[in-house]
Amino acid sequence: MKIAIVHHPETTPKILAAQRMSEKDKLSSFTCMYGGTGKMHKDNPNRHTIDILQQMGEYYAQIGVPWKPQAYQKAIGTLKKLEVKIDCFEDAIRLPNIGTRIAKKIEEICTTGHLRTLDNALADPTHKTLQLFLRIYGVGLSQAHKWIQAGHKSLDDLLALPDLHKNQRIGIDHYDDFNTRIPRDEVTALGDIVKKVAADINLNVEAIIGGSYRRGADTSGDIDFIITKRNTRSSWDLLSFLETLVARLTCDGFLVAALTVPASSGSKWHGACALPGNPLWRRIDFLVVPETEFGAALLYFTGDDIFNRSIRLLASKKNMRLNQKGLYKDVLRTFGREKLSEGTLVEGGDERKIFDLLGVPWRPPHERICR
DNA sequence: CGGCAAATACTG
DNA sequence: CAGTAT
DNA sequence: GCCG
């Protein structure tokens, strides 16, 4: 079913073009006001166009071009809401978030079946290597480029390097593991193990799995735990618990590697875990937050990123500010939108109240899938 | 032409 | 500090 | 890349 149509009964190109005129003054154009379930994929007539544009956007993201990936994402968002196929420049250009460049590409995709810019990019062997290296945990654009510059082409090339960082070696050793999606049932099973140990250590602790799992996804890239404890006002109050939890789970053989451990005032632990009897290593993160920040942390770590960006932008337009600790009001910014004051905290503990205070209708996690 | 979200925290 | 990750 |  076409969820978007529930929110936007008028989705013909003509009407969307008309909507573009009124978008600027109204906050109602923020995607976080509507959300989405990301479940209207299969029967979209623009499915092929979307797929190609998606790859184009990903390509730009991979080579580190700023903003273009977001622009592609927005254009794709527009196409996803349509129930009619757009196959020419004239129709495409009328749509919101689609300008001359992408409109031309849409026409090319529909007339030739593919996009030469993308074909050329993907045919480049250097880019293939880049994609390979970027999927290594602990490797970003900078490092990947350096290695390519040095002539490295395979993971084996990298393993022979003497100055490989510890985490990068783990990332390569478990390259396939970390790049394998985790079935929802396994996330649940892994999560249950953590929750049981957590409860055993302290009954006042609440541990919930955020990220795509909380949004209802049937597979996840990793397991994101957000952990809080009653009557805590600083993450410092939870550090000893986190250390105990990690120690116990490591001792049990559940945690198999530590990638990032919290500093003295820290709140996050990143590593890997494995289900007993399952050889695959899974990426798992623990974030401890005080009860006073739980709602904001939950909001942030539930995402998705598009939803987060949208709701944060909405906050800033209302002279507020939203981060993983809370919602702040009376934030002063320059005309260039540079931040002058932090503002005062209005809510951090309750996810629903943050929605309320922002004037955003409550969206359960599975309706925050905006990509 | 400038804005496009934002902050924290880790590694080396 | 730059780079990376969330 | 798109938008105002």
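Residues numbered from 1 in each chain as written. Chains lettered and ligands numbered in written order. Predicted model: local features only at pLDDT ≥ 70, side-chain atom pairs only at ≥ 80, totals over all residues. Heavy atoms only, no water.

### A closer look at the pattern of salt bridges
Next up, step 1: Evaluation of the coordinates by the stated rule reveals seven salt bridges.
Next up, step 2: Where R368 meets E351, a salt bridge forms, and the shortest distance between an N and an O atom there is 2.8 Å. Here the residue R368 occupies a position in strand 12 (residues 368-369), and E351 occupies one in helix 18 (residues 351-358), the gap between them amounting to 17 residues. Pair check on accessibility: R368 and E351 agree, each one buried. (Salt bridge = Lys/Arg side-chain N within 4 Å of Asp/Glu carboxyl O. Helix = DSSP H or I, 4+ residues; strand = E, 2+ residues; numbered from the N terminus. Buried < 20%, exposed > 50% of the residue type's maximum accessible area, 1.4 Å probe, protein only.)

### Re the protein's contact with DNA strand D
Next up, step 1: The environment of DNA strand D is made up of 16 residues, and the closest members are Y60, K68, N97, G99 and I102.
Next up, step 2: Here DNA strand D approaches the protein such that, of its atoms within 4 Å, sugar and phosphate make up 77%.
Next up, step 3: A distance of 2.4 Å is found between a phosphate oxygen of DNA strand D and a side-chain nitrogen or oxygen belonging to Y60.
Next up, step 4: Between a phosphate oxygen of DNA strand D and a side-chain N or O atom of R101, the distance comes to 3.2 Å.
Next up, step 5: Residue assignment for the surface near DNA strand D shows that the elements contributing at least two residues are helix 4 (68-81) and helix 6 (100-112).
Next up, step 6: The biggest single contributor to the surface near DNA strand D is helix 6, with four residues.
Next up, step 7: Looking at the surface near DNA strand D, its residues break down into eight nonpolar, three polar and five charged. (Near = heavy atom within 4 Å. Polar contact = N/O pair within 3.5 Å; in protein donor to acceptor, adjacent residues only side chain to side chain. Nonpolar A, V, L, I, M, F, W, Y, C, P; charged D, E, K, R; others polar.)

### A word on the domain arrangement of chain A
Next up, step 1: Under the domain assignment used here, chain A contains domain 1 (13-120), domain 2 (129-178), domain 3 (182-289) and domain 4 (303-369).
Next up, step 2: Placing the centre of domain 3 and that of domain 4 at their C-alpha centroids yields a distance of 26 Å. (Domains from an automatic or database assignment.)

### Considering helix 18
One full turn of an α-helix is made of 3.6 residues, so residues set three or four places apart face in the same direction.
Next up, step 1: Regarding helix 18, the residues found buried are E351, I354, F355 and L358. Buried residues of helix 18, viewed axially, fall in a sector of 100°; they line one side.
Next up, step 2: Where helix 18 begins, the side chain of D350 points an oxygen toward the backbone nitrogen of R352, at a separation of 2.8 Å.
Next up, step 3: The positive-phi residue at the C-terminal boundary of helix 18 is G359, with phi of around 75°. (Arc of directions from axis to C-beta.)

### Some points on the sheet that holds strand 11 (residues 344-347)
Next up, step 1: Reading across the sheet, the three strands line up as 9-10-11 and stay open at both edges, with antiparallel pairing between neighbours. Of all the strands in the sheet, the pair left with one neighbour each is strand 9 (321-322) and strand 11. (Pairing = 2+ DSSP bridges.)

### Structural notes on unusual backbone geometry
Next up, step 1: Here the residue pair G303 and D304 is connected by a cis peptide bond, since its omega of 0° sits within 30 degrees of zero.
Next up, step 2: In this model, W67 sits at a positive phi of 75°, which is unusual for a non-glycine residue.
Next up, step 3: By secondary structure assignment, the location of W67 is in the loop between helix 3 (47-62) and helix 4.

### Some remarks on the packing of helix 4 against helix 6
Next up, step 1: As a packed pair, helix 4 and helix 6 sit with axes 11 Å apart at the nearest point and diverge in direction by 55°. The angle between helix 4 and helix 6 falls in the class oblique. Between helix 4 and helix 6 lies a crossing of right-handed hand. Of the residues in helix 6, those in contact with A71, Y72, A75 and L79 of helix 4 are I102, K105 and I106.
Next up, step 2: Of the residues that constitute the contact of helix 4 with helix 6, the class distribution is six nonpolar, no polar and one charged. (Axes fitted to C-alpha atoms, helices over the stretch in contact; angles between N-to-C directions. Parallel < 35°, antiparallel > 145°, perpendicular 65-115°, else oblique. Left-handed = near helix turned anticlockwise from the far one by under 90°. Contact = heavy atoms within 4.5 Å.)

### Digging into the protein's contact with DNA strand C
Next up, step 1: Around DNA strand C, the surrounding shell holds 14 residues, and the nearest of these are G138, G140, S142, Q143 and R283.
Next up, step 2: Each atom of DNA strand C within 4 Å of the protein belongs either to a base or to sugar and phosphate, the latter forming 96%.
Next up, step 3: The backbone of S142 places a nitrogen or oxygen atom 3.2 Å from a phosphate oxygen of DNA strand C.
Next up, step 4: At 2.9 Å, a backbone N or O of Q143 approaches a phosphate oxygen of DNA strand C.
Next up, step 5: The element contributing the most residues to the surface near DNA strand C is helix 9 (residues 141-149), with three residues.

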